[in-house]
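Listed here are the chains, written in short residue letters.
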Amino acid sequence: MPLVIISCIFIIIGGLILLKERRSFFGGMLFAFGGLFLILTLFVVGLIKISEISTSSSELVTIIFYTLFPLILLIVCAFFIFNTHTMQTKEGRSVTAKLSALLGINLLITVPAFFYLLSMGSSKIPLWLFSILLFLLLSDLLFSFLFTCYLFYSWMYQMIPIKKKVDYIIVLGSGIRSEEVPPLLKSRLDKAIEYYHKNPNAKIVVSGGQGADEPVSEAFAMKKYLLSQQIPDVYILMEDQSTTTFENMAFSKKIIFEDWKNKDQAPTILFSTNNYHVLRGALYARKAHLKAEGVGAPTALYFLPTALIREYIALLSQYNWFTASMILVCLAFVFISLLPI
């Protein structure tokens with residue numbers, strides 16, 4: 001079974017990369033792709049084997065294929081579309097809030113269109129048009145499947161518990177409107193406080209500068225909240241110049257190593273952010289050459305789909321070589337499929 005073998009190869013290569021560096025985007029996506037593709041392949045093979053048992057089992061598989069799968073697709077698409085309505089009700093109207101609905105509508109159109117195009121073939125429409133449509137639909141479906149791989153990798157990364165002694169906890173800032181921290185930022189701080197109580201000698205680095213529309217720096221607001229929660233001032237370090245996640249990591253790294261007294265041993269560092277942002281935060285920490293693992297604070301369920309889609313798009317933009325290679329894979333597939341073999 002070639003597809004099973006290919007999936008296992010992806011899993012092994014991705015797993016070896018992750019054993020060396022679990023913050024590898026390529027390794028994580030490769031492992032997740034292989035794992036999910038293997039599950040999907042075995043499921044399809046299982047259905048085929050069941051359909052060969054008897055006429056009734058064949059009819060059951062047909063019902064599953066033509067009823068259950070479309071029903072699952074409709075439920076998923078409806079969830080994404082309805083989620084945008086919830087987002088706009090709770091967070092206000094914005095382009096970002098519409099991402100969830102755009103994904104749902106996209107899947108609702110792309111999946112049926114792809115199978116219809118395959119069933120129709122190139123005999124009824126010009127070959128050049130068939131090739132373009134096949135490439136566009138295939139690329140769309142591949143990046144949609146990779147979004148599922150990203151979710152799996154992000155979940156897998158956060159499932160590994162952190163039990164070792166912690167020396168520093170970086171809290172990544174987010175937007176503020178006053179000196180009081182909003183719920184999203186509060187959850188990050190509360191997660192940091194949770195780990196501080198497990199490591200009472202750890203220092204908390206509040207990281208975030210002042211935006212043009214913010215009355216004070218995010219670090220100032222975060223420190224004010226920590227003080228109100230009886231965290232001693234001596235255990236709080238401020239980094240109030242950063243404006244991006246990468247700068248959060250790079251500037252916090254400088255402050256930590258200036259503060260760290262034991263030069264014979266590297267400090268153990270955590271960073272606290274929301275669960276949807278942990279993976280990208282870890283990748284930025286790696287880019288800043290900061291050995292730090294992330295912990296995720298809970299996020300409201302209605303906010304997660306949009307936030308995860310936004311993170312995925314940001315990662316595709318950050319790793320544009322990966323995005324370009326996936327597009328080339330789709331081009332190669334279309335080219336090979338049209339060869340007279």
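Residues numbered from 1 in each chain as written. Predicted model: local features only at pLDDT ≥ 70, side-chain atom pairs only at ≥ 80, totals over all residues. Heavy atoms only, no water.

### Side note on the overall build of the protein
Applied cut-off: The secondary structure listing takes helices from DSSP runs of H or I that are at least 4 residues long and strands from runs of E that are at least 2 residues long, numbered from the N terminus. Remark: exposure states derive from per-residue accessible area (1.4 Å probe, protein chains only) relative to the maximum for the residue type, with buried under 20%, exposed over 50%, and partly exposed in between. Residues are treated as being in contact if the distance between any of their heavy atoms lies within 4.5 Å. Working definition of accessibility: Shrake-Rupley area with a 1.4 Å probe, residue cover restricted to the visible protein chains. As used throughout, the charge tally considers Lys and Arg to be positive and Asp and Glu to be negative, leaving His and the chain termini uncounted. Charged side chains are reduced to one point each, which is NZ for Lys, CZ for Arg, CG for Asp and CD for Glu.
Scanning the protein from N- to C-terminus turns up 11 helices and five strands. For the protein, the residues scored as buried account for 47% of the 341 residues in total. Considering only contacts within the protein whose residues lie at least 6 apart along the sequence, 70% involve residues at least 24 apart. Approximately 18500 Å² of the protein is accessible, and the part contributed by carbon and sulfur atoms is 69%. Taking the 28 positively charged and 22 negatively charged side chains of the protein as two groups, their mean positions are separated by 4 Å.

### Details of the packing of aromatic side chains
Convention followed: Two rings from Phe, Tyr or Trp (for Trp, the six-membered ring) form a pair when their centres are within 6.5 Å of each other. A pair whose planes differ by under 30 degrees is stacked, one over 60 is edge-to-face, and the rest are tilted. Note on geometry: a ring has a charge over it if NZ (lysine) or CZ (arginine) is within 6 Å of the ring centre and within 35 degrees of the ring normal.
Enumeration according to the criterion identifies 21 aromatic pairs in this entry. Aromatic side chains Phe65 and Phe69 sit 5.8 Å apart centroid to centroid with 65 degrees between the ring planes, which places their arrangement in the edge-to-face category. Here Phe65 pairs with Phe69, and both are found in helix α3 (residues 55–91), just four residues apart, close to one helical turn. Within the aromatic cluster, the residues linked to one another by ring pairs are Phe25, Phe26, Tyr319, Trp321 and Phe322. Note that Lys198 overlies the ring of Tyr195, its terminal NZ or CZ placed 4.7 Å from the centroid.

### A few points about the pattern of salt bridges
Condition: A carboxyl oxygen of Asp or Glu within 4 Å of a side-chain nitrogen of Lys or Arg is what we treat as a salt bridge.
Enumeration according to the criterion identifies 11 salt bridges in this entry. Put simply, Lys224 and Glu180 hold a salt bridge, and the shortest N to O gap is 3.1 Å. Taken together, the positions of Lys224 in helix α7 (residues 218–228) and Glu180 in the loop between β1 (168–172) and α6 (183–198) put the pair 44 residues apart, joining distant regions of the chain. Residue Lys186 pairs with Asp190 through a salt bridge whose shortest N-O separation is 2.8 Å. Linking Lys186 with Asp190, this pair stays in helix α6, spanning four residues, or about one helical turn. On the basis of relative accessibility, which here comes to 28%, the residue Asp190 falls in the partly exposed class. Among the charged side chains, a salt-bridge network with shared partners connects Glu179, Glu180 and Lys224.

### Here's the deal with the side chain of Ser187
Using the following cut-off: A 3.5 Å cut-off defines polar contacts: any pair of N or O atoms within that distance qualifies, except that in protein one atom must be a possible hydrogen donor and the other a possible acceptor, and neighbouring residues in sequence count only when both atoms are side-chain atoms.
Along the chain, the position of Ser187 falls in helix α6. A polar contact is formed between the side chain of Ser187 and the backbone oxygen of Leu184, at a distance of 2.6 Å. Among the polar contacts listed, one links the side chain of Ser187 to the side chain of Asn274, at a separation of 3.0 Å. Beyond its immediate sequence surroundings of up to four residues, Ser187 is in contact with Asn274, Ala297 and Pro298.

### Regarding a nonpolar patch on the surface
The following threshold applies: Nonpolar side chains (Val, Leu, Ile, Met, Phe, Trp, Tyr) are joined into patches within 5 Å and like charges within 9 Å, using only residues with over 30% relative accessible area and no salt bridge.
A surface patch of nonpolar side chains, about 410 Å² in accessible area, is lined by Leu68, Leu71, Ile72, Ile75 and Val76. Tracing the sequence through the fold places Ile72 in helix α3. Residue classification places Ile72 among the partly exposed residues on the basis of a relative accessible area of 42%.

### Side note on the packing of helix α5 (residues 127–159) against helix α9 (residues 278–287)
Where we set the bar: Working convention: axes come from line fits to C-alpha atoms, limited for helices to the stretch in contact. Angles between N-to-C directions cover 0 to 180 degrees. With respect to orientation, any angle under 35 degrees is reported as roughly parallel, any angle over 145 as roughly antiparallel, any angle of 65 to 115 as roughly perpendicular, and every other angle as oblique. Each residue is assigned to one of three groups, with Ala, Val, Leu, Ile, Met, Phe, Trp, Tyr, Cys and Pro labelled nonpolar, Asp, Glu, Lys and Arg labelled charged, and all others, Gly among them, labelled polar.
One can describe the packing of α5 onto α9 by two numbers: an axis separation of 9 Å at closest approach and a directional angle of 75 degrees. With respect to each other, α5 and α9 are oriented roughly perpendicular. Where α5 approaches α9, its residues Tyr150, Tyr153, Ser154, Tyr157 and Gln158 are matched on the opposing element by Val278, Leu279 and Ala282. For the contact of α5 with α9, a count of residues per class yields six nonpolar, two polar and no charged.

### A closer look at the environment of Ser187
The class for Ser187 is buried, based on a relative accessible area of 14%. Sequence spacing of Ser187 and Gly296 is 109 residues, and the spatial spacing of their C-alpha atoms is 9.1 Å.

### Side note on the environment of Asn199
Among the structural elements, Asn199 can be located in the loop between α6 and β2 (203–207). By relative accessible area, which is 11% here, Asn199 ends up buried. Separated by 191 residues in sequence, Asn199 and Cys8 have C-alpha atoms that sit 40 Å apart. Once you skip the residues sitting within four places of it in the chain, Asn199 turns out to touch Lys164, Lys165 and Val166.

### Details of unusual backbone geometry
Notably, Gln230 is not glycine yet its phi reads approximately 65 degrees, a positive angle. Position of Gln230 relative to the elements: it lies in the loop between α7 and β3 (236–239). A residue is classified by how much of its surface remains accessible, and Gln230, at 65% relative accessible area, is exposed. Even without being glycine, His289 reaches a positive phi, approximately 60 degrees. With respect to the secondary-structure elements, His289 resides in the loop between α9 and β5 (292–297). The class for His289 is exposed, based on a relative accessible area of 66%.

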